[in-house]
Amino acid sequence: MSKADRRLTRFVNALIANRRPPRSPAGDDSAAMQVATRLRAAHPGGSTPSPAFVDNLARQLREAPAHDPDWTEAGIRRRRFLVGGLAAVAASVAGGVALDRVAEALNEPASGGGTIQPYISTWVAVATLAEVTPGKIKQFAAGGIQGVVFTLDGKIRGLSAVCTHQGCTLIPQAAQKRLVCPCHPMSFNLTGAANPGDYRLNPLPAIETRVTLDSVEVRVPNWT
Amino acid sequence: MAESSPPLRVVGAPDRQSDWESVYQEHVAPLYRYVYSRTGNTPDAEDVTSTTFLRALPRLRSDVSAGEIGAYLRTTARSVLADVWRQRHGTVLMEFDEQRDAAATAEPERDVDVSPILDGLPENYRSVLEFRFLRGYSIRETAAAMGVSVANAKVLQLRALRRAAATGVRHVEG
(Lines give C-alpha, C1' and ligand atoms only; values in the text may rest on other atoms or scores of the structure.)
Protein backbone atom coordinates (compact mmCIF):
# COMPACT_ATOMS: atom_id res chain seq x y z
CA MET A 1 0.00 0.00 0.00
CA SER A 2 1.22 3.46 -0.84
CA LYS A 3 1.39 6.28 1.66
CA ALA A 4 -1.73 7.81 0.11
CA ASP A 5 -3.50 4.44 0.45
CA ARG A 6 -2.65 4.23 4.12
CA ARG A 7 -3.86 7.78 4.70
CA LEU A 8 -7.17 7.15 2.99
CA THR A 9 -7.54 3.85 4.87
CA ARG A 10 -7.07 5.60 8.22
CA PHE A 11 -9.64 8.19 7.18
CA VAL A 12 -12.17 5.49 6.29
CA ASN A 13 -11.52 3.47 9.43
CA ALA A 14 -12.09 6.51 11.62
CA LEU A 15 -15.40 7.33 9.96
CA ILE A 16 -16.68 3.79 10.25
CA ALA A 17 -15.69 3.71 13.93
CA ASN A 18 -17.56 7.03 14.38
CA ARG A 19 -14.36 8.86 15.29
CA ARG A 20 -12.85 12.06 13.99
CA PRO A 21 -10.60 11.39 11.01
CA PRO A 22 -6.97 12.00 11.94
CA ARG A 23 -5.09 15.07 10.87
CA SER A 24 -3.31 14.33 7.61
CA PRO A 25 -2.85 16.01 4.26
CA ALA A 26 -5.53 15.05 1.76
CA GLY A 27 -3.18 15.04 -1.21
CA ASP A 28 -5.06 13.90 -4.29
CA ASP A 29 -7.71 12.18 -2.20
CA SER A 30 -9.68 15.22 -1.10
CA ALA A 31 -12.65 14.27 -3.27
CA ALA A 32 -12.41 10.59 -2.26
CA MET A 33 -12.45 11.62 1.41
CA GLN A 34 -15.54 13.73 0.83
CA VAL A 35 -17.25 10.88 -0.98
CA ALA A 36 -16.45 8.63 1.99
CA THR A 37 -17.93 11.23 4.33
CA ARG A 38 -21.16 11.50 2.36
CA LEU A 39 -21.51 7.74 2.17
CA ARG A 40 -20.92 7.24 5.85
CA ALA A 41 -23.39 9.99 6.72
CA ALA A 42 -26.05 8.10 4.77
CA HIS A 43 -25.96 5.01 6.98
CA PRO A 44 -29.09 4.44 9.02
CA GLY A 45 -29.02 6.21 12.36
CA GLY A 46 -26.55 8.82 13.46
CA SER A 47 -28.06 11.94 11.97
CA THR A 48 -30.11 12.81 15.06
CA PRO A 49 -28.39 14.78 17.82
CA SER A 50 -28.34 13.13 21.22
CA PRO A 51 -30.62 14.76 23.84
CA ALA A 52 -27.61 15.27 26.12
CA PHE A 53 -25.81 17.21 23.39
CA VAL A 54 -28.87 19.36 22.66
CA ASP A 55 -29.33 20.22 26.35
CA ASN A 56 -25.68 20.92 26.90
CA LEU A 57 -25.41 23.27 23.95
CA ALA A 58 -28.59 25.07 25.03
CA ARG A 59 -26.95 25.71 28.40
CA GLN A 60 -23.78 27.00 26.76
CA LEU A 61 -25.77 29.38 24.60
CA ARG A 62 -27.84 30.60 27.52
CA GLU A 63 -24.69 31.43 29.43
CA ALA A 64 -23.02 33.18 26.51
CA PRO A 65 -22.41 36.87 27.12
CA ALA A 66 -24.82 39.04 25.16
CA HIS A 67 -22.73 41.95 24.06
CA ASP A 68 -19.31 40.88 22.85
CA PRO A 69 -19.61 39.62 19.27
CA ASP A 70 -16.08 38.23 19.46
CA TRP A 71 -16.58 36.21 22.57
CA THR A 72 -16.72 32.84 20.86
CA GLU A 73 -13.16 33.27 19.74
CA ALA A 74 -11.81 34.79 22.91
CA GLY A 75 -9.34 32.52 24.59
CA ILE A 76 -9.01 30.31 21.55
CA ARG A 77 -6.70 32.55 19.64
CA ARG A 78 -5.52 36.09 19.79
CA ARG A 79 -8.00 38.60 18.53
CA ARG A 80 -7.76 39.37 14.90
CA PHE A 81 -6.92 42.94 13.94
CA LEU A 82 -10.15 44.55 13.00
CA VAL A 83 -9.49 46.90 10.13
CA GLY A 84 -11.94 49.07 8.27
CA GLY A 85 -13.88 47.77 5.37
CA LEU A 86 -16.43 45.13 4.58
CA ALA A 87 -13.82 42.52 3.80
CA ALA A 88 -12.53 42.58 7.33
CA VAL A 89 -15.99 42.38 8.83
CA ALA A 90 -16.83 39.44 6.62
CA ALA A 91 -13.56 37.77 7.55
CA SER A 92 -14.20 38.09 11.24
CA VAL A 93 -17.50 36.29 10.74
CA ALA A 94 -16.24 33.66 8.33
CA GLY A 95 -12.82 33.13 9.87
CA GLY A 96 -11.98 31.53 13.15
CA VAL A 97 -11.04 28.22 14.57
CA ALA A 98 -13.24 25.20 15.03
CA LEU A 99 -13.49 24.22 18.65
CA ASP A 100 -12.60 20.61 17.98
CA ARG A 101 -8.91 21.21 18.29
CA VAL A 102 -8.55 23.91 20.86
CA ALA A 103 -5.18 22.69 22.03
CA GLU A 104 -3.80 22.63 18.50
CA ALA A 105 -5.20 26.06 17.80
CA LEU A 106 -3.39 27.46 20.81
CA ASN A 107 -0.11 26.26 19.43
CA GLU A 108 -0.65 27.60 15.96
CA PRO A 109 -0.33 31.09 14.62
CA ALA A 110 -3.54 32.74 13.53
CA SER A 111 -5.59 30.39 11.41
CA GLY A 112 -6.32 31.06 7.78
CA GLY A 113 -8.24 34.14 6.82
CA GLY A 114 -11.28 32.03 6.08
CA THR A 115 -13.46 32.44 3.06
CA ILE A 116 -15.75 35.39 2.61
CA GLN A 117 -19.22 33.89 2.58
CA PRO A 118 -21.63 36.80 2.47
CA TYR A 119 -24.85 36.17 4.26
CA ILE A 120 -26.74 37.50 1.25
CA SER A 121 -24.65 36.97 -1.82
CA THR A 122 -24.61 37.05 -5.56
CA TRP A 123 -22.21 35.89 -8.24
CA VAL A 124 -20.59 38.64 -10.28
CA ALA A 125 -18.41 38.18 -13.38
CA VAL A 126 -15.13 40.01 -12.82
CA ALA A 127 -12.72 38.63 -15.39
CA THR A 128 -12.47 36.81 -18.67
CA LEU A 129 -10.64 33.51 -18.70
CA ALA A 130 -7.87 35.18 -20.70
CA GLU A 131 -7.30 37.61 -17.85
CA VAL A 132 -6.53 34.87 -15.34
CA THR A 133 -4.20 32.62 -17.29
CA PRO A 134 -1.26 31.51 -15.14
CA GLY A 135 1.08 34.38 -14.36
CA LYS A 136 -1.62 37.05 -14.34
CA ILE A 137 -3.54 38.70 -11.51
CA LYS A 138 -6.82 40.47 -12.22
CA GLN A 139 -8.10 43.16 -9.85
CA PHE A 140 -11.79 43.72 -9.26
CA ALA A 141 -14.23 45.66 -7.12
CA ALA A 142 -17.69 44.16 -6.73
CA GLY A 143 -20.34 44.14 -4.04
CA GLY A 144 -18.20 46.32 -1.80
CA ILE A 145 -15.30 43.91 -1.98
CA GLN A 146 -11.93 44.75 -3.46
CA GLY A 147 -10.20 41.62 -4.55
CA VAL A 148 -8.07 39.77 -7.05
CA VAL A 149 -8.56 36.59 -9.06
CA PHE A 150 -5.80 34.49 -10.54
CA THR A 151 -4.72 30.93 -11.25
CA LEU A 152 -2.69 29.06 -8.66
CA ASP A 153 -1.77 25.39 -8.89
CA GLY A 154 -4.14 25.01 -11.83
CA LYS A 155 -7.16 26.38 -9.99
CA ILE A 156 -8.78 29.76 -10.23
CA ARG A 157 -8.83 31.48 -6.87
CA GLY A 158 -9.94 34.73 -5.36
CA LEU A 159 -8.49 36.75 -2.50
CA SER A 160 -9.41 39.94 -0.73
CA ALA A 161 -7.04 42.71 -1.78
CA VAL A 162 -7.42 44.67 1.45
CA CYS A 163 -4.38 44.59 3.71
CA THR A 164 -5.19 43.04 7.09
CA HIS A 165 -3.01 45.66 8.79
CA GLN A 166 -4.66 49.04 8.13
CA GLY A 167 -6.96 48.39 5.21
CA CYS A 168 -4.89 49.80 2.34
CA THR A 169 -5.67 48.30 -1.07
CA LEU A 170 -2.95 45.90 -2.12
CA ILE A 171 -1.16 46.21 -5.44
CA PRO A 172 -0.76 43.02 -7.48
CA GLN A 173 2.72 42.16 -8.72
CA ALA A 174 2.06 39.21 -10.98
CA ALA A 175 5.66 38.48 -11.84
CA GLN A 176 6.59 38.17 -8.16
CA LYS A 177 3.33 36.32 -7.40
CA ARG A 178 2.47 38.68 -4.59
CA LEU A 179 0.22 41.50 -3.44
CA VAL A 180 2.15 44.46 -2.09
CA CYS A 181 0.88 46.96 0.44
CA PRO A 182 1.45 50.60 -0.56
CA CYS A 183 1.33 51.78 3.04
CA HIS A 184 4.03 49.69 4.65
CA PRO A 185 6.77 47.35 3.49
CA MET A 186 4.56 44.26 3.54
CA SER A 187 3.30 41.77 1.00
CA PHE A 188 1.12 38.68 0.79
CA ASN A 189 1.68 35.60 -1.32
CA LEU A 190 -1.04 34.08 -3.48
CA THR A 191 -2.19 31.65 -0.80
CA GLY A 192 -3.18 34.77 1.14
CA ALA A 193 -0.45 34.40 3.78
CA ALA A 194 1.61 37.43 4.75
CA ASN A 195 5.20 37.18 3.61
CA PRO A 196 7.67 37.41 6.47
CA GLY A 197 8.45 41.01 7.32
CA ASP A 198 8.28 43.68 9.92
CA TYR A 199 4.65 43.05 10.74
CA ARG A 200 2.93 39.85 11.71
CA LEU A 201 -0.33 40.01 9.84
CA ASN A 202 -3.35 37.81 9.54
CA PRO A 203 -3.87 36.15 6.17
CA LEU A 204 -6.14 37.55 3.51
CA PRO A 205 -9.62 36.05 3.35
CA ALA A 206 -10.36 33.96 0.28
CA ILE A 207 -13.21 34.76 -2.07
CA GLU A 208 -15.23 32.00 -3.68
CA THR A 209 -14.86 31.75 -7.44
CA ARG A 210 -16.54 29.82 -10.18
CA VAL A 211 -16.04 29.63 -13.90
CA THR A 212 -18.83 30.01 -16.41
CA LEU A 213 -18.46 29.55 -20.16
CA ASP A 214 -16.11 32.44 -20.72
CA SER A 215 -15.80 34.35 -17.49
CA VAL A 216 -14.71 34.11 -13.89
CA GLU A 217 -17.31 34.94 -11.27
CA VAL A 218 -16.88 35.76 -7.60
CA ARG A 219 -19.38 35.42 -4.80
CA VAL A 220 -19.83 38.81 -3.15
CA PRO A 221 -22.43 40.55 -1.00
CA ASN A 222 -25.62 41.41 -2.82
CA TRP A 223 -26.39 45.05 -2.15
CA THR A 224 -29.60 45.37 -4.07
CA MET B 1 -49.24 35.98 40.55
CA ALA B 2 -49.22 38.43 37.68
CA GLU B 3 -45.55 39.18 38.27
CA SER B 4 -44.48 35.59 37.79
CA SER B 5 -46.34 35.00 34.55
CA PRO B 6 -44.20 35.16 31.41
CA PRO B 7 -44.09 38.54 29.67
CA LEU B 8 -46.14 38.95 26.55
CA ARG B 9 -44.12 39.12 23.37
CA VAL B 10 -44.45 42.41 21.59
CA VAL B 11 -43.55 42.65 17.94
CA GLY B 12 -40.55 44.91 17.56
CA ALA B 13 -39.56 44.47 21.17
CA PRO B 14 -39.04 40.74 21.48
CA ASP B 15 -37.91 39.01 24.59
CA ARG B 16 -34.60 37.98 23.10
CA GLN B 17 -33.71 35.29 25.55
CA SER B 18 -36.90 33.28 25.07
CA ASP B 19 -36.81 34.00 21.34
CA TRP B 20 -33.37 32.59 21.24
CA GLU B 21 -34.45 29.44 23.03
CA SER B 22 -37.26 28.76 20.59
CA VAL B 23 -35.02 29.51 17.61
CA TYR B 24 -32.50 27.06 18.98
CA GLN B 25 -35.00 24.31 19.67
CA GLU B 26 -36.45 24.67 16.19
CA HIS B 27 -33.14 24.67 14.33
CA VAL B 28 -30.77 22.47 16.27
CA ALA B 29 -31.88 19.12 14.82
CA PRO B 30 -32.04 20.25 11.15
CA LEU B 31 -28.66 21.95 11.46
CA TYR B 32 -27.15 18.90 13.12
CA ARG B 33 -28.47 16.70 10.31
CA TYR B 34 -26.97 19.07 7.73
CA VAL B 35 -23.60 19.08 9.50
CA TYR B 36 -23.61 15.34 10.06
CA SER B 37 -24.11 14.75 6.33
CA ARG B 38 -20.83 16.63 5.82
CA THR B 39 -18.81 15.14 8.67
CA GLY B 40 -20.01 11.53 8.86
CA ASN B 41 -19.08 11.13 12.53
CA THR B 42 -20.63 12.20 15.81
CA PRO B 43 -17.71 14.04 17.49
CA ASP B 44 -17.17 16.33 14.51
CA ALA B 45 -20.89 16.84 13.97
CA GLU B 46 -21.33 17.92 17.60
CA ASP B 47 -18.33 20.25 17.53
CA VAL B 48 -19.26 21.89 14.26
CA THR B 49 -22.88 22.31 15.34
CA SER B 50 -21.78 23.90 18.63
CA THR B 51 -19.29 26.21 16.97
CA THR B 52 -21.87 27.24 14.40
CA PHE B 53 -24.47 28.21 16.97
CA LEU B 54 -21.92 29.99 19.13
CA ARG B 55 -20.58 31.95 16.21
CA ALA B 56 -24.02 32.76 14.84
CA LEU B 57 -25.46 33.74 18.20
CA PRO B 58 -24.75 37.51 18.12
CA ARG B 59 -26.37 37.82 14.71
CA LEU B 60 -29.29 35.64 15.67
CA ARG B 61 -29.88 37.77 18.74
CA SER B 62 -30.00 40.95 16.75
CA ASP B 63 -30.87 41.28 13.12
CA VAL B 64 -31.82 38.05 11.42
CA SER B 65 -35.47 37.50 10.58
CA ALA B 66 -37.04 34.13 11.26
CA GLY B 67 -37.17 33.08 7.63
CA GLU B 68 -33.47 33.68 7.17
CA ILE B 69 -32.20 31.88 10.24
CA GLY B 70 -31.87 28.44 8.68
CA ALA B 71 -29.93 29.75 5.71
CA TYR B 72 -27.70 31.86 7.91
CA LEU B 73 -26.92 28.89 10.16
CA ARG B 74 -26.06 26.70 7.17
CA THR B 75 -23.83 29.40 5.69
CA THR B 76 -22.05 29.70 9.01
CA ALA B 77 -21.76 25.92 9.27
CA ARG B 78 -20.18 25.72 5.82
CA SER B 79 -17.57 28.22 6.92
CA VAL B 80 -16.84 26.21 10.08
CA LEU B 81 -16.65 22.98 8.06
CA ALA B 82 -14.25 24.60 5.62
CA ASP B 83 -12.04 25.67 8.53
CA VAL B 84 -11.99 22.15 9.97
CA TRP B 85 -11.21 20.64 6.60
CA ARG B 86 -8.45 23.10 5.85
CA GLN B 87 -6.81 22.73 9.24
CA ARG B 88 -7.03 18.97 9.29
CA HIS B 89 -6.35 18.09 5.68
CA GLY B 90 -4.67 21.20 4.29
CA THR B 91 -7.08 21.60 1.43
CA VAL B 92 -10.30 23.32 0.57
CA LEU B 93 -13.64 21.62 0.32
CA MET B 94 -14.25 20.52 -3.23
CA GLU B 95 -16.03 22.96 -5.45
CA PHE B 96 -18.55 20.35 -6.54
CA ASP B 97 -19.42 19.95 -2.91
CA GLU B 98 -20.03 23.64 -2.42
CA GLN B 99 -22.33 23.73 -5.40
CA ARG B 100 -24.24 20.78 -4.08
CA ASP B 101 -24.42 22.49 -0.70
CA ALA B 102 -25.90 25.56 -2.32
CA ALA B 103 -28.52 23.43 -4.03
CA ALA B 104 -29.19 21.52 -0.82
CA THR B 105 -30.11 24.63 1.13
CA ALA B 106 -33.43 24.51 -0.69
CA GLU B 107 -34.28 21.19 0.95
CA PRO B 108 -32.03 20.88 3.98
CA GLU B 109 -34.20 18.31 5.70
CA ARG B 110 -34.06 15.75 2.97
CA ASP B 111 -32.10 12.65 3.82
CA VAL B 112 -28.75 12.18 2.25
CA ASP B 113 -29.20 10.57 -1.11
CA VAL B 114 -26.11 8.66 -2.14
CA SER B 115 -27.48 7.05 -5.26
CA PRO B 116 -25.76 9.68 -7.46
CA ILE B 117 -22.48 8.50 -5.92
CA LEU B 118 -23.15 4.78 -6.30
CA ASP B 119 -24.98 4.74 -9.62
CA GLY B 120 -22.71 4.04 -12.50
CA LEU B 121 -20.04 2.33 -10.46
CA PRO B 122 -19.04 -1.23 -11.33
CA GLU B 123 -20.92 -3.82 -9.27
CA ASN B 124 -18.04 -4.81 -7.00
CA TYR B 125 -17.21 -1.17 -6.26
CA ARG B 126 -20.79 -0.44 -5.34
CA SER B 127 -20.93 -3.54 -3.14
CA VAL B 128 -17.81 -2.74 -1.19
CA LEU B 129 -19.02 0.81 -0.51
CA GLU B 130 -22.43 -0.40 0.60
CA PHE B 131 -21.02 -3.02 2.97
CA ARG B 132 -18.42 -0.73 4.48
CA PHE B 133 -20.16 2.64 4.68
CA LEU B 134 -23.88 1.99 4.66
CA ARG B 135 -23.85 -1.20 6.72
CA GLY B 136 -20.69 -0.52 8.68
CA TYR B 137 -19.17 -3.95 8.05
CA SER B 138 -15.56 -4.49 9.08
CA ILE B 139 -13.05 -5.25 6.35
CA ARG B 140 -13.12 -8.89 7.38
CA GLU B 141 -16.92 -9.05 7.21
CA THR B 142 -16.91 -7.22 3.90
CA ALA B 143 -14.38 -9.63 2.44
CA ALA B 144 -16.44 -12.61 3.60
CA ALA B 145 -19.66 -11.15 2.21
CA MET B 146 -18.05 -10.48 -1.14
CA GLY B 147 -16.05 -13.69 -1.31
CA VAL B 148 -12.71 -11.93 -1.71
CA SER B 149 -9.56 -11.86 0.40
CA VAL B 150 -9.14 -9.32 3.19
CA ALA B 151 -6.25 -7.69 1.31
CA ASN B 152 -8.43 -7.50 -1.76
CA ALA B 153 -11.30 -5.86 0.11
CA LYS B 154 -8.94 -3.27 1.57
CA VAL B 155 -7.72 -2.23 -1.85
CA LEU B 156 -11.17 -2.46 -3.41
CA GLN B 157 -12.70 0.09 -1.01
CA LEU B 158 -10.00 2.64 -1.84
CA ARG B 159 -10.36 2.14 -5.59
CA ALA B 160 -14.14 2.43 -5.30
CA LEU B 161 -13.89 5.71 -3.39
CA ARG B 162 -11.46 7.18 -5.89
CA ARG B 163 -13.55 6.11 -8.83
CA ALA B 164 -16.70 7.57 -7.25
CA ALA B 165 -14.81 10.81 -6.55
CA ALA B 166 -13.59 11.08 -10.13
CA THR B 167 -17.07 10.40 -11.44
CA GLY B 168 -18.58 13.07 -9.20
CA VAL B 169 -16.10 15.70 -10.34
CA ARG B 170 -16.68 14.88 -14.00
CA HIS B 171 -20.40 14.99 -13.52
CA VAL B 172 -20.31 18.57 -12.30
CA GLU B 173 -17.70 19.84 -14.70
CA GLY B 174 -19.51 18.35 -17.65
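Predicted model only: the values in this text are computed from it and were never measured.

A.B. asks: It is not clear to me how the overall build of chain A should be interpreted in this structure. Could you clarify?
C.D. replies: Counting its secondary structure elements, chain A contains 5 helices and 11 strands. Within chain A, the fraction of its 224 residues that count as buried is 48%. At a minimum sequence separation of 6, the contacts of chain A that also span at least 24 residues come to 50%. Surface accessibility of chain A: about 10700 Å² in total, with carbon and sulfur atoms responsible for 54%.

A.B. asks: In this structure, what is going on with the overall build of chain B? I would like to understand it.
C.D. replies: Per the secondary structure count, chain B includes 8 helices and 0 strands. Start at the N end of chain B and walk to the C end: the helices and strands fall as α-α-α-α-α-α-α-α. Here chain B holds 174 residues, and the buried ones make up 47% of them. Total accessible area on chain B stands at roughly 8500 Å², and carbon and sulfur atoms take up 53% of it.

A.B. asks: I'm lost on the sheet that holds strand 7 (residues 178-180) of chain A in this one. Help?
C.D. replies: Sheets are built from strands paired through backbone hydrogen bonds, the pairs being either parallel or antiparallel. Residues and elements named next belong to chain A. What the 3 strands build is an open sheet, ordered 6-7-8; its pairing is antiparallel. Either end of the sheet is taken by a strand with one partner, and the two such strands are strand 6 (171-173) and strand 8 (187-189). Ignoring which end each strand starts from, the neighbouring axes of this sheet average 25 degrees apart. Alignment of strand 6 against strand 7, held across 3 bridges, turns out to be antiparallel. Across the sheet, P172 pairs through a bridge with L179, a residue of strand 7.

A.B. asks: Which parts of the structure should I look at to understand helix 2 (residues 30-41) of chain A?
C.D. replies: Structural remark: α-helix, 3.6 residues per turn; residues separated by three or four positions point the same way. All names here are of chain A. Relative to the 16 Å expected for 12 residues at 1.5 Å per residue, helix 2 spans 17 Å between its end C-alpha atoms, a close match to the ideal helical length. In terms of residue burial, helix 2 counts as a mostly covered element, since 12 of its 12 residues are buried. Restricting attention to buried positions, one finds in helix 2 the residues S30, A31, A32, M33, Q34, V35, A36, T37, R38, L39, R40 and A41.

A.B. asks: How do you make sense of the environment of R23 of chain A when you look at a structure like this?
C.D. replies: Mapped onto the elements, R23 of chain A comes out in the loop between helix 1 (3-16) and helix 2. Sequence spacing of R23 of chain A and R7 of chain A is 16 residues, and the spatial spacing of their C-alpha atoms is 9.6 Å.

A.B. asks: When you look at the state of the cysteines in this model, what are you seeing that I'm missing?
C.D. replies: Note: disulfide means a covalent bond formed between the sulfur atoms of two cysteine side chains. Residues and elements named next belong to chain A. In this structure the tally under the stated criterion is 1 disulfide over all chains. Of the cysteine sulfurs around C163, a residue in no disulfide, the closest is that of C181, at 3.9 Å. Take C163: its relative accessible area is 1%, and that puts it in the buried class.

A.B. asks: Looking at this structure, how should I read the sheet that holds strand 1 (residues 115-116) of chain A?
C.D. replies: Residues and elements named next belong to chain A. Here 5 strands make up an open sheet; going across it, the order is 1-9-5-4-3 and the pairing mixed. Of all strands in the sheet, those bounded by a partner on one side alone are strand 1 and strand 3 (137-142). Pairing of strand 3 with strand 4 (residues 145-152), which is carried by 6 bridges, proceeds in the antiparallel orientation. Within strand 4, the residue paired with A141 across the bridge is Q146.

A.B. asks: I keep staring at the interface of chain B and chain A and nothing clicks. Help me out?
C.D. replies: A common measure of how large an interface is: the accessible area buried when the components associate. Contacts between the two partners involve 71 residues from chain B and, on the opposite side, 71 residues from chain A. Both faces considered, chain B and chain A share a buried interface measuring about 6500 Å² in area, 58% of it formed by carbon and sulfur atoms. Its largest share of buried area at the contact with chain A, chain B owes to L54, Q87 and F133 of chain B, together 11% of the area lost on that side. Where chain B meets chain A, there are 5 salt bridges. D44 of chain B is the salt-bridge partner of R20 of chain A, the closest N and O atoms lying 3.0 Å from each other. At the boundary of chain B with chain A, the tally comes to 16 residue pairs in polar contact (both at pLDDT 80 or more).

A.B. asks: Looking at this structure, how should I read unusual backbone geometry?
C.D. replies: Peptide bonds are trans in most cases, and residues, glycine excluded, mostly fall at negative phi. Residue and element names in this part refer to chain A. With phi around 50 degrees, D153 is a residue other than glycine that occupies positive phi space. Relative to the assigned elements, D153 resides in the loop between strand 4 and strand 5 (155-160). Notably, K177 is not glycine yet its phi reads approximately 55 degrees, a positive angle. Locating K177 in the fold gives a position in the loop between strand 6 and strand 7. Using a relative accessible area of 53% as the deciding quantity, one classes K177 as exposed.

A.B. asks: Looking at this structure, I do not really get helix 7 (residues 139-146) of chain B. What am I missing?
C.D. replies: Residues and elements named next belong to chain B. Of the residues making up helix 7, those classed as buried are I139, T142 and A143. All buried residues of helix 7 project into a common sector of 100 degrees when viewed along the axis, lining one side. In helix 7, those exposed residues whose orientation departs by more than 90 degrees from the buried face are R140 and A144. Remark: G147 follows helix 7 within two positions and exhibits a positive phi of approximately 70 degrees.

Calculation criteria
- Residues numbered from 1 in each chain as written.
- Chains lettered and ligands numbered in written order.
- Predicted model: local features only at pLDDT ≥ 70, side-chain atom pairs only at ≥ 80, totals over all residues.
- Heavy atoms only, no water.
- Helix = DSSP H or I, 4+ residues; strand = E, 2+ residues; numbered from the N terminus.
- Buried < 20%, exposed > 50% of the residue type's maximum accessible area, 1.4 Å probe, protein only.
- Contact = heavy atoms within 4.5 Å.
- Areas by Shrake-Rupley, 256 points an atom, 1.4 Å probe, with all protein chains shown as cover.
- Pairing = 2+ DSSP bridges.
- Axes fitted to C-alpha atoms, helices over the stretch in contact; angles between N-to-C directions.
- Expected span 1.5 Å × (residues − 1).
- Disulfide = S-S within 2.5 Å.
- Buried area = accessible area lost by both parts, 1.4 Å probe.
- Salt bridge = Lys/Arg side-chain N within 4 Å of Asp/Glu carboxyl O.
- Polar contact = N/O pair within 3.5 Å; in protein donor to acceptor, adjacent residues only side chain to side chain.
- Arc of directions from axis to C-beta.

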